[in-house]
Amino acid sequence: HHPGVTAFVEIKVESLARFDPETLARTTLEALKPVSDKVVVICESPPVLNAVRRRFSGPVGWVFEAWRPCARHQAEALQPDYLFCDADCIPREIPRLWPGAWQWALFEINTLTEALFWQSKGGGLFETGEIGTLVSPSLGLH
């Protein structure tokens, strides 16, 4: 066991080609039961996320691809605990990331400069392929 570690487990939308949202939610949550207090279930599909919520009291995250008003409205309707987006899909000139009860998680952040830039706009978590580059006291990471 690793106290303080949280795993973000993504249910991929490609699974919907074979399974319905209810089945995906049920089978994923059954598999995660032994560690359910240490996971956040994330998905791009609102129907899957809603099915997860009906069975799981833990945190969930919504992954979205395009920075558009309809995505913001969907986020406000879903009220996830986390919002995930590729930073390259977000206009750099925005003053702040959408406010809400969620925590922002941005992916494709591979430099400290990018992490600090998005942190200044409200980004809190960063997915990276360059963890050694991002581990920094200035980000509060250690």
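The structure we're discussing is the one just above.
So, about the packing of aromatic side chains. The tally for this structure, following the rule as stated, stands at nine aromatic pairs. Plain terms: the ring middles of tryptophan 62 and phenylalanine 64 are 5.3 Å apart, the flat faces sit at 25° to each other, and that makes the pair stacked. For tryptophan 62, a relative accessible area of 5% gives the class buried. Seen in terms of ring centroids, phenylalanine 64 and tryptophan 98 are 5.2 Å apart; in terms of plane orientation they differ by 20°. Their pairing is stacked.

Attention shifts here to the nonpolar core. Val52, Phe64, Trp104 and Leu106 are the most contacted members of the largest nonpolar core, which has 34 residues in total. For this core, the elements supplying multiple residues, two or more each, are α1 (21-32), β2 (39-43), α2 (46-55), β3 (60-63), α3 (69-78), β4 (82-86), β5 (103-107) and α4 (112-119). Those residues in contact with tryptophan 104 that lie beyond four places of it in its chain are Phe64, Trp67, Leu83, Cys85, Leu97, Trp98, Gly122, Gly123, Gly124 and Leu125.

Looking now at the pairing of β5. In regular strands, side chains alternate between the two faces of the sheet. Among the five residues of β5, four are classified as buried, and the element is accordingly described as predominantly covered. Bridge count for β4 against β5 is five bridges, and the pairing is parallel. The residue bridging tyrosine 82 from the neighbouring strand is glutamine 103, located in β5. Pairing of β5 with strand β6 (residues 123-127) involves four bridges; the strand directions are parallel. Looking at the pairing, alanine 105 lines up with leucine 125 of β6. Crossover handedness for the path β5 to α4 to β6: right-handed.

Rules of the game
Residues numbered from 1 in each chain as written. Predicted model: local features only at pLDDT ≥ 70, side-chain atom pairs only at ≥ 80, totals over all residues. Heavy atoms only, no water. Phe/Tyr/Trp six-rings, centres within 6.5 Å; stacked < 30°, edge-to-face > 60°. Buried < 20%, exposed > 50% of the residue type's maximum accessible area, 1.4 Å probe, protein only. Core = buried A, V, L, I, M, F, W, Y, C linked by side-chain atoms within 4.5 Å. Helix = DSSP H or I, 4+ residues; strand = E, 2+ residues; numbered from the N terminus. Contact = heavy atoms within 4.5 Å. Pairing = 2+ DSSP bridges. Right-handed = clockwise from strand over helix to strand, strands pointing away.

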